[in-house]
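Okay, here's what each chain looks like letter by letter:
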Amino acid sequence: MTKKSASDAAELPLNRIIDGDCIEVMNGLPEASVDLVFADPPYNLQLRGDLHRPDNSKVDAVDDHWDQFASFKVYDDFTRAWLAAARRILKPNGAIWVIGSYHNVFRMGAELQNQGFWILNDVVWRKSNPMPNFRGKRLTNAHETLIWASRSEEAKYTFNYEALKALNEGIQMRSDWVLPICTGHERLKDENGDKAHPTQKPESLLHRVILGTTNPGEVVLDPFFGTGTTGAVAKMLGRDFIGIEREAAYREVAEKRLAKVRKFDKEALIVSTSKRAEPRVPFGQLVERGMLRPGEMLVSPRGKRAKVRADGTLIADDVKGSIHQVGAALESAPSCNGWTYWHFKREGKTIPIDILRQQIRSELG
């Protein structure tokens, strides 16, 4: 099958919920047209009869027809088909997230690898408020597992490392996420006051996934859209979404939900990036633009001094070279970050030269 061009993006049903079977719908979309797939498929819980609490009241468990499969083979065939359809529509540098419980996540993980996806991480979503195990015969199921995989081993997938680090108060984001299940005001109800969906995912979970692995303007597809958590978070974060949902009741709830969602303003959508991702500014540009003058003296925190030269190098005693080389030589160190090491003086104040670099970067947009 020939690869579609970028112009085919116009054919995508962006920011819509499509009624239909997810495999058929995905197979009808342009090849290589989606940036990220987030999939929360049926878990195949294999419930046998009703589940009751110790007081004999019935538990509102997942017993819907869409979660019932005749056998593991039937479920595996279904998994194979929808993952193949998802891989076809992913861009070469696209990625997928799948979420499941112990009932199905291992089967999905094996099939991901069988089809050529490259697993990047498995994430344990540890529920801070899990449902108790009422029968008392097993451990309380207090977590679900997410698998994050790129379309192939060679894919240059998106990972906003600095944004997730900032979200975690400056600490590197780990692969165990402690987040509450969907309760309270976030839990959607139907006209009878019952749960609109038995496994509605919290927006906090999707916020972390979409913020960390996509960029504004990219397309996120959810083949099991349910009540629209993926679409709601994508819309807020300035991403386009495509939802596929065959259950009319869920589509109705999702449409009402999405109609109330407002996109964050453009400035609020900008996330932290690594220094390496910022435009490169040579020290010589500061000299060319008159921000620093040839002959001006720079100083270090420990009082070392060096003179700026017209070609953007420094000289200190018998040492000549870049801001990094001279700083390292004066400190007898193997390396030195000259941008943070050197300072200039203005109106009696000592200012890092990195301030001037950031000024140029801001002008570059």
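Residues numbered from 1 in each chain as written. Predicted model: local features only at pLDDT ≥ 70, side-chain atom pairs only at ≥ 80, totals over all residues. Heavy atoms only, no water.

You'll find the protein entered in an unreviewed UniProt entry as Methyltransferase, with Maritimibacter fusiformis given as the organism. Quoted verbatim from the Catalytic activity (unreviewed entry) field of UniProt, the annotation for the protein is "a 2'-deoxyadenosine in DNA + S-adenosyl-L-methionine = an N(6)-methyl-2'-deoxyadenosine in DNA + S-adenosyl-L-homocysteine + H(+)". (UniProt positions renumbered as here; feature names shortened; annotations may be inferred.)

Peer 1: Tell me what's going on with the packing of aromatic side chains, and back it up with residues and numbers.
Peer 2: This structure, assessed with the given rule, holds 11 aromatic pairs. Aromatic side chains Tyr75 and Phe78 sit 6.2 Å apart centroid to centroid with 55° between the ring planes, which places their arrangement in the tilted category. One end of the pair is Tyr75 and the other is Phe78, both in helix H2 (residues 72-89) and 3 residues apart, which spans about a single turn. We classify Phe78 as buried; its relative accessible area is 18%. (Phe/Tyr/Trp six-rings, centres within 6.5 Å; stacked < 30°, edge-to-face > 60°. Helix = DSSP H or I, 4+ residues; strand = E, 2+ residues; numbered from the N terminus. Buried < 20%, exposed > 50% of the residue type's maximum accessible area, 1.4 Å probe, protein only.)

Peer 1: How would you summarise the nonpolar core if you had to cite specific residues and measurements?
Peer 2: In this structure, Phe38, Trp97, Ile99, Leu146, Trp177, Leu205 and Val209 are the most contacted members of the largest nonpolar core, which totals 34 residues. Broken down by element, the residue count for this core peaks at 5 residues, all from helix H5 (residues 203-213). Here Ile99 is in contact with Phe38, Ala39, Asp40, Pro41, Tyr43, Met108, Trp125, Glu144, Thr145, Leu146, Lys201 and Leu205, once residues within four sequence places are set aside. Counting 31 residues, the second largest nonpolar core, distinct from the first, contains Val25, Phe78, Phe224 and Ile244. (Core = buried A, V, L, I, M, F, W, Y, C linked by side-chain atoms within 4.5 Å. Contact = heavy atoms within 4.5 Å.)

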